[in-house]
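Tertiary structure, described
Chain residues, written in single-letter form:
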Amino acid sequence: MASSSTSPLGLTGRRVAVYPGSFDPVTCGHLDIIRRAAKQFDHLIVAVLNNTSKKPLFSVEERKELLADVTKDLPNVTIDSFRDLLVHFMKSREAHVIVRGIRSVTDFEYEIQMASTNHQLDDDIETIFMMTNPKYSYLSSSIVKEIAMFHGNVQDLVPPEVQAALIAKFSE
Ligand code: PNS
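Residues numbered from 1 in each chain as written. Predicted model: local features only at pLDDT ≥ 70, side-chain atom pairs only at ≥ 80, totals over all residues. Heavy atoms only, no water.

Attention shifts here to the site of the ligand. By nearness alone, every residue bordering the ligand is listed as P20, G21, S22, L49, F82, D84, L85, L86, R100, Y110, M114 and N118. In this structure, an oxygen atom belonging to the ligand sits 2.8 Å away from a main-chain N or O atom of L86. In the model, an oxygen atom of the ligand is placed 3.0 Å from a nitrogen or oxygen of the R100 side chain. When the free accessible area of the ligand is taken as 550 Å², the share hidden by the protein chains comes to 75%. Listing elements by their share of the shell around the ligand, those giving two or more residues are β3 (16-21) and α4 (105-121). With three residues, α4 is the single largest residue contributor to the shell around the ligand. When its residues are assigned to classes, the shell around the ligand shows seven nonpolar, three polar and two charged. (Near = heavy atom within 4 Å. Polar contact = N/O pair within 3.5 Å; in protein donor to acceptor, adjacent residues only side chain to side chain. Areas by Shrake-Rupley, 256 points an atom, 1.4 Å probe, with all protein chains shown as cover. Helix = DSSP H or I, 4+ residues; strand = E, 2+ residues; numbered from the N terminus. Nonpolar A, V, L, I, M, F, W, Y, C, P; charged D, E, K, R; others polar.)

Rendered as C-alpha cells:
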C-alpha cells in the first residue's frame, strides 16, 4: 500500500486517509463521505471502532461486512477495525490523515475536541473535515435504528443491503 504519491508537478503528498467511526450501521450520509473522500486520496481505510464498552446493534464483523458490500465498487477503499486509540491504528497503517464528516454546528464542538486530542497525541496527524451532503444533514445511525426498530421505512436513509440487514435484525 503506497503512503505517498508523486503529482504531475513532481510534488509528493501523503495519500492514505482513514475514515473512522462506529458505523452501526453505515448510512447514506457515511457512504456519501466515503465516495467523496475516496476521490481525494490514493487509498481510504474505513475503520470501524470495536468499542467493548458500548452495546452495538451490529457486531464489528457485521458492520465491516455491510461496509464492504456497499463500497465494493470503490477499488481504493478498504474496510478495517480498531480497538484502542485511533492514533495507534493510524501509525500501524502508516496513515496521517483522518477524515470526518460534519453535519451541522452541533457536530463541530465534539469534532474539534477529537481532532485536537488526536493532534496532541500525535502531531503528525491531521484531521480533514468534509461537509455532509445537506440531504443527509439530519441523519445518524441512531435515528436509522430507531426508525427500523419500529418498522418504519429507512429506504432513503441507508443503502439497500443495510435496509435488508436492519429488517432481518428487527424481525429476529
Ligand atoms: O461514529 P462515531 O461514533 O462518531 O466515531 C467516533 C470515533 C470512533 C471516531 C472516536 O470515538 C474514536 O476515534 N475513538 C477511538 C478512541 C480514541 O482514539 N480516542 C481519542 C480521540 S477522541
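So that's the structure; there's more coming.
Grouped together as the largest cluster of nonpolar side chains are 34 residues, with contacts concentrated most on Y19, I34, L44, V46, V99 and L166. At the level of secondary structure, the elements contributing two or more residues to this core comprise β3, α1 (28-40), β4 (43-49), α2 (60-70), β6 (97-102), α5 (141-149) and α6 (160-170). Here this core takes six residues from α1, the largest share from any one element. Residues within four places of L44 in sequence aside, it is in contact with A17, V18, Y19, I34, A37, A38, N76, V77, T78 and V99. Counting residues in hydrophobic clusters, the runner-up holds 12 residues, among them V18, V87, F89 and M90. (Core = buried A, V, L, I, M, F, W, Y, C linked by side-chain atoms within 4.5 Å. Buried < 20%, exposed > 50% of the residue type's maximum accessible area, 1.4 Å probe, protein only. Contact = heavy atoms within 4.5 Å.)

On inspection of all chains with the given rule, the structure shows 10 salt bridges. One salt bridge in this structure joins R103 and D107, with 2.9 Å as the shortest N-O distance. (Salt bridge = Lys/Arg side-chain N within 4 Å of Asp/Glu carboxyl O.)

For the rest of this paragraph, the subject is the sheet that holds β3. The parallel open sheet is built from five strands, whose spatial order is β5-β4-β3-β6-β7. Edge positions in the sheet fall to β5 (77-82) and β7 (126-131), since each of these pairs with one other strand and no more. Across this sheet, the average inter-strand angle for adjacent strands is 30 degrees, counted without regard to direction. The sheet contact formed by β6 and β7 spans six bridges and is parallel. Looking at the pairing, V99 lines up with I128 of β7. Contacts from α1 reach β3, β4, β5, β6 and β7 within the one sheet, and its direction differs from that of β7 by about 120 degrees. (Pairing = 2+ DSSP bridges. Axes fitted to C-alpha atoms, helices over the stretch in contact; angles between N-to-C directions.)

Summarizing the sequence annotation, UniProt attributes the feature "binding site: substrate" (unreviewed entry) to S22, K54, L86 and R100 in the numbering used throughout. If you trace the backbone, K54 turns up in the loop between β4 and α2. As for its position among the elements, R100 is in strand β6. Beyond its immediate sequence surroundings of up to four residues, R100 is in contact with Y19, P20, G21, Y110, E111, M114, T127, I128, F129 and M130. A distance of 2.9 Å separates a polar side-chain atom of R100 from the backbone oxygen of P20. (UniProt positions renumbered as here; feature names shortened; annotations may be inferred.)

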